[in-house]
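# Examining the three-dimensional arrangement
In case you want the letters, here they are:
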Amino acid sequence: MPTSSASDAPAATAASKTPAASGGVQSLERAFDLLERMADAGGEVGLSELSASSGLPLPTIHRLMRTLVACGYVRQQANRRYSLGPRLIRLGESASRLLGTWARPYLARLVEETGETANMALLDGDEIVYVAQVPSKHSMRMFTEVGRRVLPHSTGVGKALLAHTSPDEVRALLARTGMPAATEKTITTPEGFLDALEDVRRTGYAVDDNEQEIGVRCLAVPVPDSPTAAAISISGPAGRVTEAATDKIVPVLQQVAVELSAALASAGPGS
């Protein structure tokens, strides 16, 4: 087993998901890479799994994990596996609020161009959480409280967020959450939901057609290359968000999603 710093160097090149930033601190890059790998693995892993996926030697991973445990960002379980720690929750909540703040100007543009209420939502665990909203100026409008959590199967944003998830993962999520009917139009079978996800992949957008609330239609698209899975949507009375209106609204949604993605990326390294 290699232990020297010289032997760590080649592994680091293979380990990083992205090339090391010029002038960056290698140990920080490695630590955050491990946290992301833990999240990708469901939040709990063993050292050998991290070594296999990252390419880093076990001694290097052990040193990094010891530091993360001491800081509260990782916990060591009784079975000697490691899980994401509770201190990350505060960081995640603050980041979600900021993400919503950054999105508001883009949601405001959606309202101006479509006339309907605009939302941004994230996938948090097995649930959808709304992190930002700009309401329509119409007297009859839809309102979803920021922070509200809903199940993915009955929402347009849920379909948009899960459209490119593997069928097995989708089935597992639905098995955990169940598929309660919010209305008589809610999709309540895994097969029906998987068919709806296929429609999203084919058309490039998702529809909630009276599935969360009777009389309400929602159109949603994912935000491409978002640092965390995100979707934006508009929602309004079914009498206004018609099939004809959909043809005009979807291109606006898609364009705003691309621009929001670019804005989020510009907040990254080197910006």
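Our subject is the structure that appears above.
Being a predicted model, the structure only gives us computed values, none of them experimental. (Residues numbered from 1 in each chain as written. Predicted model: local features only at pLDDT ≥ 70, side-chain atom pairs only at ≥ 80, totals over all residues. Heavy atoms only, no water.)

## Quick look at the sheet that holds strand S3 (residues 82-84)
The three strands are arranged S1-S3-S2 in an open sheet whose pairing can be described as antiparallel. Looking at the sheet topology across the chains shown, the edges are occupied by strand S1 (44-45) and strand S2 (74-76). Here two bridges tie S1 to S3, and the two strands are oriented antiparallel to one another. Bridged to Glu-44 within S3 is Ser-83. Packing against the sheet, helix H2 (residues 26-40) makes contact with S1, S2 and S3, and its axis sits at approximately 90° to S3. (Pairing = 2+ DSSP bridges. Helix = DSSP H or I, 4+ residues; strand = E, 2+ residues; numbered from the N terminus. Contact = heavy atoms within 4.5 Å. Axes fitted to C-alpha atoms, helices over the stretch in contact; angles between N-to-C directions.)

## So, helix H7 (residues 167-177)
Within H7, the full set of buried residues consists of Val-170, Leu-173 and Leu-174. Looking down the long axis of H7, one finds its buried residues gathered within 95° of arc, a one-sided arrangement. Exposed positions of H7 whose direction lies more than 90 degrees from the buried face are Asp-168, Glu-169, Ala-175 and Arg-176. Taken together, the buried residues of H7 touch helix H6 (156-162) and helix H8 (190-203). Looking at the residues trailing H7, positive phi occurs at Gly-178, about 75°. (Buried < 20%, exposed > 50% of the residue type's maximum accessible area, 1.4 Å probe, protein only. Arc of directions from axis to C-beta.)

## What to know about the side chain of Asp-33
Mapped onto the secondary structure, Asp-33 falls in helix H2. Polar side-chain contacts of Asp-33 include one of 2.8 Å to the side chain of Arg-37. (Polar contact = N/O pair within 3.5 Å; in protein donor to acceptor, adjacent residues only side chain to side chain.)

## Some words on a nonpolar patch on the surface
Among the surface-exposed residues, Val-25, Leu-28 and Phe-32 lie close enough to one another that they form a single nonpolar patch of about 300 Å² accessible area. Examined against the element boundaries, Val-25 turns out to sit in the loop between helix H1 (5-15) and H2. The exposure class assigned to Val-25 is partly exposed, which follows from its relative accessible area of 47%. (Patch = residues over 30% accessible without salt bridge, like charges linked within 9 Å, V, L, I, M, F, W, Y side chains within 5 Å. Areas by Shrake-Rupley, 256 points an atom, 1.4 Å probe, with all protein chains shown as cover. Salt bridge = Lys/Arg side-chain N within 4 Å of Asp/Glu carboxyl O.)

## A word on the packing of H2 against helix H4 (residues 58-71)
Two elements in contact, H2 and H4, have axes separated by 10 Å at closest approach and are oriented at 80°. Here H2 lies roughly perpendicular to H4, going by the angle between them. Two secondary-structure elements touch here, H2 through Ser-27, Arg-30, Ala-31, Leu-34, Leu-35 and Met-38 and H4 through Thr-60, Ile-61, Leu-64, Met-65 and Leu-68. A per-class count over the contact of H2 with H4 returns eight nonpolar, two polar and one charged. (Parallel < 35°, antiparallel > 145°, perpendicular 65-115°, else oblique. Nonpolar A, V, L, I, M, F, W, Y, C, P; charged D, E, K, R; others polar.)

## Examining the sheet that holds strand S4 (residues 117-124)
Across the sheet, six strands lie side by side as S6-S5-S4-S9-S8-S7; this open sheet has antiparallel pairing. Edge positions in the open sheet fall to strand S6 (149-150) and strand S7 (206-209), since each of these has one partner strand only. Of the strand pairs in this sheet, strand S8 (residues 216-222) and strand S9 (residues 230-237) are connected by seven bridges, and their pairing is antiparallel. Counted as the bridge partner of Cys-218 is Ser-235 from S9. Along the sheet, helix H9 (residues 243-265) makes contact with S4, S8 and S9, crossing S8 at roughly 35°.

## Some details on the nonpolar core
The biggest cluster of nonpolar side chains holds 28 residues, and the ones touching the most others in it are Leu-107, Leu-110, Met-120, Ile-232 and Leu-253. In terms of residue count, the dominant contributor to this core is H9 (nine residues). Not counting residues up to four positions away in its chain, the partners in contact with Ile-232 are Leu-107, Leu-110, Asn-119, Met-120, Leu-219, Ala-220, Val-221, Val-223, Leu-253, Val-256, Ala-257 and Leu-260. Grouped together as the second largest cluster of nonpolar side chains are 14 residues, Met-38, Ile-61, Leu-68 and Tyr-82 included. (Core = buried A, V, L, I, M, F, W, Y, C linked by side-chain atoms within 4.5 Å.)

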